[in-house]
Amino acid sequence: MILFLIANRALKICTFGHVLFVDNTYFCNTAYCRTLIYYKLIMKRNINIVLSLAISALLLSCSSNGDEASVIDFDGLASADYSNLLPVLDTIDLNDAEAQSSMLSSLDKIIYSDGVFYAGDYGQGRIVGFSSAGEPLFSISARGRGPQEYLKITDFDVDENKRIVIMDGQSDRILTYSENGSFLNTVSLPFDAYSFKTIESERLLFNLAPWNEGKGAGKKLAIMTTDCEVSQTRIDYDGVFDCEFSFQSVAFTSSNDDITFNQPIDNQIIILDTKGEISSSFQMDFGSGNVPVEARKHIENNWEVVQASTFLTNVVYSDGHIIVGTLKDHGKMRDFIINLDSGVKGLQETGSSIRLRNVSGGMLIFQDFSSDHIKLLVAPVSAIAAR
């Protein structure tokens, strides 16, 4: 098997035995996850067990959470100019800091909380906090094998007490640091997960991996308490999910009052409250552009069909009144905005250098990839309703 990881802003091809994601304007974080997956399978189990798991993973079943999702006919929505729906964006330049400890070689994840932007550079194993003016506030760089260190950052978030919580998918641990970067504690995970989101009462909401055989096996979502107990699980995996293929994605987006979950290619948008309870869901229908069921089961074997289709990917957020996110539209990345109250959609022109990177803490966060440094463009989600 061969692993290619080409970072920064050039052509990205991430593969471990097969192509995972190809895009010339966006970062490919899934290479980290897929590397860890195969690393753990090879190191922890013999080849026979690995083959058995691969077969079992393909047979994992999943259904909805039991509530009927509201179907959104994308083609049936009235069209508007995307730029007219987009609010006025403020510019924040990162990476202008003189301190080497605050420099970022890439931006793998960006989140916002209480006036601070937290930037994750997974390649360097670093998380840097920046003020709303782009000034560095602190840096966490604790990669290593010690009890207070992580082998590889696969996701991170900031909790209600401003603590930075890091998931190390290689050692299956969660590490917590104070708001100034001091180590606080670590716990082991009882399952395999893609990503997570901090929720109320110091609990964590996880997007579980389809090959997970630990607690919550066969489920997409699980809530873990501070004592590492899995208190609740949500949404079964179904037979049309390809467990050997992952698209790059920010699984959880948020405002101050709600959380949105989306797993690429199934086009389902799940809205949860800050306790992790599902409040509503939408199913995006792209008509003839939908990825056929058989292609979803075996993405690599049907890559040309998938590339000719349309589906949600990377970032999706909804509060029930608006939806903002990114589409993979016939092989092209395009951001979009939908006003559900007025039934109007705006779709970004192809070839734009500006990409939505996250919706976090009620803030729309875009990145301008034409810049020679990390340049963010931001606005409150609430500003969309005013357009």
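Residues numbered from 1 in each chain as written. Predicted model: local features only at pLDDT ≥ 70, side-chain atom pairs only at ≥ 80, totals over all residues. Heavy atoms only, no water.

Engineer: Looking at this structure, I do not really get the overall build of the protein. What am I missing?
Structural biologist: Check the secondary structure of the protein and you find six helices and 29 strands. Every one of the 387 residues in the protein was classed for burial, and the buried ones make up 55%. Here the protein has roughly 15700 Å² of accessible surface; of this, 49% comes from carbon and sulfur atoms. (Helix = DSSP H or I, 4+ residues; strand = E, 2+ residues; numbered from the N terminus. Buried < 20%, exposed > 50% of the residue type's maximum accessible area, 1.4 Å probe, protein only. Areas by Shrake-Rupley, 256 points an atom, 1.4 Å probe, with all protein chains shown as cover.)

Engineer: Explain the pattern of salt bridges here, please?
Structural biologist: Pairing between side chains becomes possible if they bear opposite charge and their charged atoms approach one another. If you walk through the whole model with that rule in mind, you get ten salt bridges. Note that Glu277 is salt-bridged to Arg234, the shortest N-O span being 2.9 Å. Linking Glu277 in the loop between β21 (268–273) and β22 (278–285) with Arg234 in strand β18 (residues 230–236), this pair joins segments that are 43 residues apart in sequence. For Arg234, a relative accessible area of 16% puts it in the buried group. Arg334 is the salt-bridge partner of Asp329, the closest N and O atoms lying 3.0 Å from each other. Note on Asp329: relative accessible area 14%, which makes it buried. Judged by its relative accessible area of 15%, Arg334 falls in the buried class. The network of salt bridges with shared partners includes Asp159, Arg163 and Glu202. (Salt bridge = Lys/Arg side-chain N within 4 Å of Asp/Glu carboxyl O.)

Engineer: Sorry if this is basic, but what is going on with the side chain of Ser360 here?
Structural biologist: With respect to the helices, strands and loops of the structure, Ser360 is situated in strand β27 (residues 354–360). On the basis of relative accessibility, which here comes to 6%, the residue Ser360 falls in the buried class. There is a polar contact of 2.9 Å between the side chain of Ser360 and the backbone nitrogen of Tyr112. For Ser360, the residues in contact, after removing those within four places along its chain, are Ile111, Tyr112, Ser254 and Ile365. (Polar contact = N/O pair within 3.5 Å; in protein donor to acceptor, adjacent residues only side chain to side chain. Contact = heavy atoms within 4.5 Å.)

Engineer: What is the right way to look at the confidence of the model for the protein in this model?
Structural biologist: The predicted coordinates should not be examined in detail at positions where pLDDT is low. Averaged over every residue, the pLDDT of the protein is 83; residues scoring 70 or more account for 80%. For residues 1–66, every residue scores under 50 in pLDDT, and the model assigns this stretch 150 contacts once sequence neighbours within four places are set aside. (pLDDT = per-residue confidence, 0-100.)

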